[in-house]
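Read off the chains here:
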Amino acid sequence: EAGVAQSPRYKIIEKRQSVAFWCNPISGHATLYWYQQILGQGPKLLIQFQNNGVVDDSQLPKDRFSAERLKGVDSTLKIQPAKLEDSAVYLCASRGLAGGLRELFFGEGSRLTVL
Amino acid sequence: SQQGEEDPQALSIQEGENATMNCSYKTSINNLQWYRQNSGRGLVHLILIRSNEREKHSGRLRVTLDTSKKSSSLLITASRAADTASYFCALWDSNYQLIWGAGTKLIIKP
C-alpha cells in the first residue's frame with residue numbers, strides 16, 4: 001500500500017512570494033489533514049478535510065493561506081504572500097474512517113524556508 | 001490551551017538503557033497515541049491505548065495510561081541508536097479533536 005505522498009520536499013522562497021504544496025493521501029482515506037510544524041514543536045493543525053469538505057480550518061491564517069481538495073482525493077496548500085514566520089515543515093496526513101478514531105498516516109513533509 | 005504536555009523535553013541516554021517519557025493532558029480522552037519522528041521525516045504511529053486500557057505492549061515499547069491522573073508514559077526498553085528521534089503523544093478528546101504534545105527529543109548515545 002502506497003503511503004502519503006507530498007511534494008516538494010524542500011522549498012526556499014523570498015518573503016512575499018507564493019508557494020504551493022501538494023499531497024496525495026492513502027487511497028480510500030476520506031480524511032486529510034494539513035499541519036504546520038515549527039522546529040522543536042508539535043504539529044499544529046491548519047485544516048482538516050472530510051472528502052472534499054472542510055471540517056476544521058479555525059487555525060488557518062485565511063488572509064494568506066488557502067487549501068483545497070476539489071475531488072476528495074489529493075490536496076493543495078498555498079501560501080501567498082509568505083512571511084518569515086511561515087518557515088516550517090508542512091505535513092500532510094490522512095486517516096481512514098473504518099475503525100473509528102485511529103492513527104494518522106503522515107507524509108514526509110515539505111520544508112519551507114522563507115528568506 | 002488543550003495541548004498535551006510532555007516531559008522531559010529532551011532525554012539523552014546510553015545505548016542499551018531504558019528510556020521513559022511522559023505525557024499529561026487536561027481533557028477527557030477517547031484514546032491516546034504515541035508517534036515517532038526521525039529528523040527531517042514525517043511522523044510514524046507507534047502505539048494506541050484506549051481510555052479503558054491501563055497498559056499496552058508492542059515489541060520493546062510499553063505504554064501506560066492513568067486516566068485519573070490524566071497522564072501516560074512511553075517506555076522504550078533496551079534502547080538502540082535507531083531509537084534516536086522525537087516522540088509525540090496525541091490524544092483524541094471527547095470532541096473528536098486530536099490534541100498533540102510538544103514532543104520529547106530522545107538521543108541514544110553509542
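About the cut-offs
- Residues numbered from 1 in each chain as written.
- Chains lettered and ligands numbered in written order.
- Predicted model: local features only at pLDDT ≥ 70, side-chain atom pairs only at ≥ 80, totals over all residues.
- Heavy atoms only, no water.
- Helix = DSSP H or I, 4+ residues; strand = E, 2+ residues; numbered from the N terminus.
- Pairing = 2+ DSSP bridges.
- Axes fitted to C-alpha atoms, helices over the stretch in contact; angles between N-to-C directions.
- Disulfide = S-S within 2.5 Å.
- Salt bridge = Lys/Arg side-chain N within 4 Å of Asp/Glu carboxyl O.
- Buried < 20%, exposed > 50% of the residue type's maximum accessible area, 1.4 Å probe, protein only.
- Contact = heavy atoms within 4.5 Å.
- Buried area = accessible area lost by both parts, 1.4 Å probe.
- Polar contact = N/O pair within 3.5 Å; in protein donor to acceptor, adjacent residues only side chain to side chain.
- Nonpolar A, V, L, I, M, F, W, Y, C, P; charged D, E, K, R; others polar.

Novice: Residues and numbers for unusual backbone geometry, please.
Specialist: Most of the time, phi is negative for any residue but glycine, and the peptide bond is trans. In the segment running from Gln80 of chain A into Pro81 of chain A, the intervening peptide bond is cis, with an omega of -5°. In this structure, Pro81 of chain A sits in the loop between strand S8 (75–79) and strand S9 (88–95). Of note, the amide linkage connecting Asp7 of chain B to Pro8 of chain B takes the cis form, showing an omega dihedral of -5°. Phi is positive for Arg16 of chain A, which is not a glycine, with a value near 80°.

Novice: Mind laying out the sheet that holds strand S8 (residues 71–76) of chain B, listing which residues take part and the relevant values?
Specialist: Residue and element names in this part refer to chain B. With antiparallel pairing, five strands are arranged side by side in an open sheet as S1-S3-S8-S7-S6. Of all strands in the sheet, those bounded by a partner on one side alone are strand S1 (5–7) and strand S6 (55–58). The sheet shows a mean angle of 15° between the axes of neighbouring strands, taken without regard to direction. Here three bridges tie S1 to strand S3 (residues 19–24), and the two strands are oriented antiparallel to one another.

Novice: Let's hear about the sheet that holds strand S1 (residues 5–7) of chain A: which residues, and what values?
Specialist: Residues and elements named next belong to chain A. The antiparallel open sheet is built from four strands, whose spatial order is S1-S3-S8-S7. Both edges of this open sheet fall to S1 and strand S7 (65–68), since each of them pairs with a single strand only. With direction set aside, neighbouring strand axes in the sheet form an average angle of 15°. Inspection of the sheet shows strand S3 (residues 19–24) paired to S8 by five bridges, in the antiparallel sense. Bridge assignment links Val19 to a residue of S8, and that residue is Ile79.

Novice: So what's going on with the state of the cysteines? Which residues, and what values?
Specialist: Residue and element names in this part refer to chain A. Under the counting rule described, the total for this entry stands at two disulfides over all chains. Between the sulfur atoms of Cys23 and its disulfide partner Cys92 the distance amounts to 1.9 Å. Between Cys23 and Cys92 the disulfide shows an S-S torsion of about -65°. By sign, it is left-handed. Highlighted residues: Cys23 in strand S3 and Cys92 in strand S9, separated in sequence by 69 residues.

Novice: How would you summarise the pattern of salt bridges if you had to cite specific residues and measurements?
Specialist: It is possible for side chains bearing opposite charge to pair when their charged atoms get close. Summed over all chains, the structure comprises six salt bridges over all chains. The shortest N-O distance in the salt bridge between Asp86 of chain A and Arg64 of chain A comes to 2.5 Å. Placement of Asp86 of chain A in the loop between S8 and S9 and of Arg64 of chain A in the loop between strand S6 (53–56) and S7 is noted, with a sequence separation of 22 residues between them. With respect to class, Asp86 of chain A is no different from Arg64 of chain A; both count as buried. Its salt-bridge partner being Arg41 of chain B, residue Glu108 of chain A comes within 2.6 Å of it at the nearest N-O pair. Here Glu108 of chain A is found in the loop between strand S10 (105–106) and strand S11 (110–114), whereas its partner Arg41 of chain B is found in the loop between strand S4 (29–37) and strand S5 (43–50) on a different chain. Relative accessible area serves as the criterion here: at 30%, Glu108 of chain A is assigned to the partly exposed category.

Novice: Requested: an account of the interface of chain A and chain B, with residues and values cited.
Specialist: Taken together, the contacts link 19 residues of chain A with 20 residues of chain B. Carbon and sulfur atoms supply 53% of the area that chain A and chain B bury against each other, a total of about 1,500 Å² over both sides. Joining chain A to chain B, the criterion identifies one salt bridge. One can count eight residue pairs in polar contact (both at pLDDT 80 or more) joining chain A with chain B. For the side of chain A that touches chain B, the secondary-structure elements that each account for two or more residues are strand S4 (31–37) and S9 of chain A. A per-element tally of the side of chain A that touches chain B places S4 of chain A first, with three residues. Residue classes in the side of chain A that touches chain B are distributed as seven nonpolar, five polar and seven charged.

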